[in-house]
Amino acid sequence: MDLHYISIIYLTYIVYATSDARADLFSKATKTKTNEKDLRNSVFDFIVVGGGTAGCVLANRLSANPEWKVLVLEAGDEENIDYDIPAVPTNEYRPILWNFRTERNGFSCLSRPGGSCEVKTGKVLGGSSVTNDMKYTRGSKKDYDAWHITGDMGSLNWKFENLIEHFKASEDNGDYDVLMNSYYHSRGGEMHVQRFKHIDKHMELFLGAFAEMGFRSVDINTNAPEAALNNQFVVANNTRLSTNSAFLKPVRQRKNLVVKTGATVTKLIIDAQENKVDGVFYELEKGKEQLAYAKKETILTTGAINNVKILHLSGIGPAAELEKQNISVIIDLPVGSNYQDQVTIGGLAFSLSDVTSVSEQQIVEDFKTWFQNRGGPLASRGINQVSAFIQLFENKNGPDIELALHGNYIRSDKFMLTNVSVHTAEEVNLPIAYYNLVNINPVLLKPKSKGKVTLNKRNPKYGRPVIQANLLKEQEDLDAIIDSVDIALQLLNTKELKKAEINMAPLDIFPCDRLNNRDQWNCIARHYTKAMSNPIGTCRMGQNSTDSVVNYEFKVHNVESLRVIDASVMPSHVRGNIFAPTVMVAEKGTKLIIKDWKENKGNFL
Ligand SMILES: Cc1cc2nc3c(=O)[nH]c(=O)nc-3n(C[C@H](O)[C@H](O)[C@H](O)COP(=O)(O)OP(=O)(O)OC[C@H]3O[C@@H](n4cnc5c(N)ncnc54)[C@H](O)[C@@H]3O)c2cc1C
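What counts and what doesn't
Residues numbered from 1 in each chain as written. Predicted model: local features only at pLDDT ≥ 70, side-chain atom pairs only at ≥ 80, totals over all residues. Heavy atoms only, no water. Helix = DSSP H or I, 4+ residues; strand = E, 2+ residues; numbered from the N terminus. Contact = heavy atoms within 4.5 Å. Near = heavy atom within 4 Å. Polar contact = N/O pair within 3.5 Å; in protein donor to acceptor, adjacent residues only side chain to side chain. Areas by Shrake-Rupley, 256 points an atom, 1.4 Å probe, with all protein chains shown as cover. Nonpolar A, V, L, I, M, F, W, Y, C, P; charged D, E, K, R; others polar. Domains from an automatic or database assignment. Buried area = accessible area lost by both parts, 1.4 Å probe. Buried < 20%, exposed > 50% of the residue type's maximum accessible area, 1.4 Å probe, protein only.

### Some points on the environment of alanine 75
Among the secondary structure elements, alanine 75 is positioned in the loop between strand E2 (70–74) and strand E3 (100–101). A C-alpha to C-alpha distance of 34 Å links alanine 75 and lysine 159, two positions 84 residues apart in sequence. Aside from chain neighbours lying at most four places away, what touches alanine 75 is Trp98, Lys123, Gly262, Ala263 and Thr264.

Quick look at the structure:
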C-alpha cells in the first residue's frame, strides 16, 4: 500500500469522525435568516482575505487588539493532523491544492501533461505553509537592498538591515549554534525553527560529498554566498508548523476574531465615487454571494495568483485587459504582470544500491510511532533535508542555484531501477523518509524570466486564472540551470559517492536521450521543467502606479482602505525559498497598519 494512501486513511477517518458535528453547524448557520444581527455581525474593522501564510500572521497580530474586530475568509478547509507529519508529501494531496497549471508555451514544460507545469499552492487554512517543504531560508541581503530605490524615502525601510527585526519578530530558533548569531536570529517567537534530529547514512554521504567539493556547512541565513547543509525547517516537536498552527490556532478563542473556512472571496465591494474599498463579496456555496464590510481596511493575502483574480474581477487591473473581459475599469494598475516563479528540472537522479525494501507493515509501524511519540523516520524529511546553495556568478555575492536533494522510492516490484521513466521518478509519492533514488533538483533562485496572470476567458469568476509563467524563457535562466547540472554531476566523482557506488539512475528521458551533454540537458530542461510553485510579483511594490500595484506600505495605489500583504508584493525573487520572507512581509505589514491607525487615525492615501 502506498504510504500516501495510509495517510489518506487517517484523513478519511478524521473527516468521518467529525462530519456530523460539521453538518449540524453548517445547516444551523445557513438556515438562519438574514436579520439585523447578521448585518451587525458582517461589519468588521479589518477583513483578511485568505487564511494562508501571510493571512494567519496578520489575523493574529491585528486581533491582539481586543478593540479591533477581525474577519478571516479562507477558501480552503481546516487543517488536518495528517498534514503535520513531516514526511507526508502534502503537496501531492489535491483537495488542499488550487491545482493551477501554467499555459502551454512551446519552450518549457514540454513533456509534462498538456505541455504545462503544475503550480501547487495551498487551499487550506495555513495556505502554502501546509503544502510547502517547510525549509527555513531568507535569501540574501542584496536581494532586499535591490527592492529599495535610491532617493525614495518610502523604500528606505526595505533595506535588509531594517528588515532583520521583522524576521526575528516571530522566530523561535531551536538550534543553539545558529542562535549564537544574535544579529540574525532570535528565540521566543511563534515560529519554531530547527534542524531535524533524524539523519540517515545517505544524508551524511551527500553532505560529505559536498564538503569534498569545497562547500562549507554554514547557516545560509547569514548572507553566506554558498553552503551545503542539513537545513533548518519550520517544525515544533517533529511536527509541521504551518502559520495556522503557529499563529492562528493559539488565538482562535479570541472574541474579536472570526475565521470562516470554505469562504471564497469573489470580489471587492468598492465605492466607485471615492475609490474606497468597503468590504468583500464571498461565497460559502457556489452562486450564493454574501457580503462582509470592513470599517478600517480590507487586506488581500490570497497569494500571487488569486489576488489577481479578485482584483481584476473588482475592476482593478490593466484597463486593456479588463475591457477585453467587459469589466468596468475602476483603477488602471498593472495587476498580474511581473509574475515570477523559481524553476527547476527533473532528469538528474542518482540511484542508491544498498537500500533495503520497505514493507507495508514497516510503514504502518512508522506511522504509529509518529502518532505515539512524534518519532521514527516519519519525523524527518529524509534526504530532502540536504541542499547546496551555489554561487554561479562571482560578482553577485549570493547563491544563484540551490541544488535541492529530493528522495523518491521506486518500488522494486515495479522497477528495477533500470529505465525508470522520468515521469515515474516525479510521481511516486511514498512518504519522503523512504527513498532509493535521489533527485538533484537545480533550483534557479533568481530567474530573469517573467510572465503574467490574467482571468480565465471563458469563465472569469469560477475558472482557473491563466498563468503565462514563461519559465526558462530567458536564455540566461536556461544557461544557469545547465551550468549547475555540471556542478551536480561532480558529486559522482567524489570519494564519498564512489565508495558507496552511487551512480546516475538510468532514467527514460525521451525525447532527449540520443543527444549529448549540454544539448541533452537543454532538451531535458525544456521538456521536464518543474515550476517551484513560489509565485511572486503580480502585485509588486513600487513608487508609482505605472509599474507597481502597491506602495512601500502595501497600500494599493489610488485606492482607499485596501492593502495587499503576501508574496505577491515582492518585486523580484530572493535567493532562497520564500516562506520566511512572506512571514516577514506580514510582520512588517501589521506593524505599518498598527502604526497608521494609532498615529494617523488610518488616514489612508
Ligand atoms: C509545494 C510548495 C513547496 C514549497 N516549499 C517551500 C519551502 O520549503 N520553504 C519556503 O521558504 N517556501 C516554500 N514554498 C513557498 C512558500 O510556502 C509560499 O510561497 C508562501 O507560503 C506563500 O504565502 P502567501 O501568503 O503569499 O500565499 P498562501 O500561503 O498560498 O496563502 C493564500 C491563501 O489564500 C487562500 N485563498 C486564495 N484565494 C482565495 C479566495 N478567493 N477567497 C478566500 N481565500 C482564498 C488560499 O486558499 C490560501 O490559504 C513552497 C511552496 C509550495 C507551493
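### A closer look at the site of the ligand
Among the 38 residues in the neighbourhood of the ligand, the closest are listed as Thr53, Glu74, Ser128, Val265 and Phe579. At 3.1 Å from a nitrogen atom of the ligand is found a side-chain nitrogen or oxygen belonging to asparagine 534. Compared with its free state, where it exposes 1000 Å², the ligand has 96% of that area covered by protein. Breaking the shell around the ligand down by element, the ones donating at least two residues are helix H3 (53–63), E2, helix H4 (128–131), strand E11 (264–271), helix H11 (303–313) and helix H18 (579–599). No other element matches H11, which puts three residues into the shell around the ligand. Here the residues of the shell around the ligand sort into 12 nonpolar, 20 polar and six charged.

### As for the domain arrangement of the protein
Often, the extent of an interface is quoted as the loss of accessible area on bringing the components together. Taken as a whole, the protein is organised into domain 1 (39–79 + 124–193 + 240–338 + 537–600) and domain 2 (196–230 + 342–453 + 472–533). Taken over C-alpha atoms, the centre of domain 1 sits 32 Å from the centre of domain 2. Contact residues are listed per partner, giving 33 residues for domain 1 and 24 residues for domain 2. Counting each side, the surface lost to burial between domain 1 and domain 2 is near 2200 Å², with a carbon and sulfur contribution of 45%. Contact with domain 2 buries area across many residues of domain 1, yet Lys135, His573 and Arg575 alone supply 29% of it, more than any other trio.

### Some points on the side chain of glutamine 385
As for its position among the elements, glutamine 385 is in the loop between helix H13 (360–373) and strand E19 (386–390). A relative accessible area of 0% means that glutamine 385 is categorised as buried. Engagement of the side chain of glutamine 385 in a polar contact is seen with the backbone oxygen of histidine 198, the distance being 3.2 Å. Only 2.9 Å separates the side chain of glutamine 385 from the backbone nitrogen of arginine 381, close enough to count as a polar contact. Leave out the neighbours within four places in its chain, and glutamine 385 touches Phe196, His198, Met203, Leu229, Asn230, Asn231, Phe233 and Ser380.

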